[in-house]
Amino acid sequence: MTTPEPVTRPRRRHLIDPANPPPPPSGVSLGRVQQWVLSVLATTTILHLSFGLLLAAWTIDQDDLVPVVGLEVIAGVFAVIAVAVARAIHRRPLLSPWLLLGVLPTLLGLAVTLR
């Protein structure tokens, strides 16, 4: 007496093949995305503060230049801090030519004020 062979059905395509499991998701890419999201959020938040200071400087009475220029310089300092924070989040050296981008709000403010 022979036993009938079990009928094997083909594996459905939407199921995982136990003999060849898919590779596990990489944790490195998730960390990189989190790093970029954090740096963009921190930088844009600090830059909003910087440009808010510029707007505040432009609403002050223009006859007295000392507080106007002071707020514009503070705006530039915050912009430099924003660039440094982004570089620190990405673990890059803080001192670099990119810090010169932080001076742009001060130059913009002085160009508008002293015009």
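For the structure given in this document, a descriptive report is provided here. Please read all numbers here as calculations on a predicted model, not as lab measurements.

Cut-offs used in this document
- Residues numbered from 1 in each chain as written.
- Predicted model: local features only at pLDDT ≥ 70, side-chain atom pairs only at ≥ 80, totals over all residues.
- Heavy atoms only, no water.
- Helix = DSSP H or I, 4+ residues; strand = E, 2+ residues; numbered from the N terminus.
- Buried < 20%, exposed > 50% of the residue type's maximum accessible area, 1.4 Å probe, protein only.
- Contact = heavy atoms within 4.5 Å.
- Areas by Shrake-Rupley, 256 points an atom, 1.4 Å probe, with all protein chains shown as cover.
- Lys, Arg positive; Asp, Glu negative; His and termini not counted.
- Charge placed at Lys NZ, Arg CZ, Asp CG, Glu CD.
- Core = buried A, V, L, I, M, F, W, Y, C linked by side-chain atoms within 4.5 Å.
- Arc of directions from axis to C-beta.
- Axes fitted to C-alpha atoms, helices over the stretch in contact; angles between N-to-C directions.
- Parallel < 35°, antiparallel > 145°, perpendicular 65-115°, else oblique.
- Left-handed = near helix turned anticlockwise from the far one by under 90°.
- Nonpolar A, V, L, I, M, F, W, Y, C, P; charged D, E, K, R; others polar.
- Patch = residues over 30% accessible without salt bridge, like charges linked within 9 Å, V, L, I, M, F, W, Y side chains within 5 Å.
- Salt bridge = Lys/Arg side-chain N within 4 Å of Asp/Glu carboxyl O.

### Points about the overall build of the chain
Across its full length, the chain carries three helices and zero strands. Each helix and strand of the chain, ordered N terminal to C terminal, gives the series α-α-α. Projecting the C-alpha coordinates of the chain onto the three principal axes gives extents of approximately 110 × 30 × 15 Å. Burial status across the chain gives 25% buried among its 115 residues. For the chain, long-range pairs separated by at least 24 residues make up 60% of all intrachain contacts whose partners lie at least 6 apart in sequence. Counting only carbon and sulfur atoms, one obtains 71% of the accessible surface of the chain, whose full area is about 9000 Å². Of the charged side chains in the chain, 9 are positive and 6 negative; the average position of the first set lies 24 Å away from that of the second.

### A few points about the nonpolar core
Taken as a class, soluble globular proteins show a tendency for nonpolar side chains to be buried jointly. If you look at the biggest cluster of nonpolar residues, it comprises six residues: Leu53, Leu54, Ala57, Val68, Leu71 and Ala75. Of all elements in the fold, only helix H1 (27–59) and helix H2 (65–89) reach the threshold of two or more residues within this core. Once residues within four sequence positions are removed from consideration, Ala75 is found in contact with Ser50, Leu53, Leu54, Pro105 and Thr106.

### Concerning helix H3 (residues 104–113)
Residues of H3 that are buried include every one of Pro105, Thr106, Gly109 and Thr113, and no others. Buried residues of H3 fall within an arc of 100° about the axis and therefore sit on the same side.

### Digging into the packing of H2 against H3
Interaxial distance between H2 and H3 falls to 7 Å at its minimum, and their mutual angle equals 155°. When the interaxial angle is binned, H2 and H3 end up roughly antiparallel. Pair H2 / H3 crosses with right-handed handedness. Counted together, Leu65, Val68, Val69, Glu72, Val73, Ala75, Gly76 and Ala79 of H2 and Pro105, Thr106, Gly109, Leu110 and Thr113 of H3 form the full contact between these two elements. Grouping the constituent residues of the contact of H2 with H3 by class yields eight nonpolar, four polar and one charged.

### What to know about the side chain of Thr106
With respect to the secondary-structure elements, Thr106 resides in helix H3. Judged by its relative accessible area of 12%, Thr106 is buried. Dropping the residues within four chain positions of it, Thr106 is found in contact with Glu72, Val73, Ala75 and Gly76.

### Things to note about a nonpolar patch on the surface
Residues Trp98, Leu100, Leu101, Val103, Leu104 and Leu107 make up a contiguous nonpolar surface patch of about 610 Å² in total accessible area. Checked against the element boundaries, Leu100 lands in the loop between H2 and H3.

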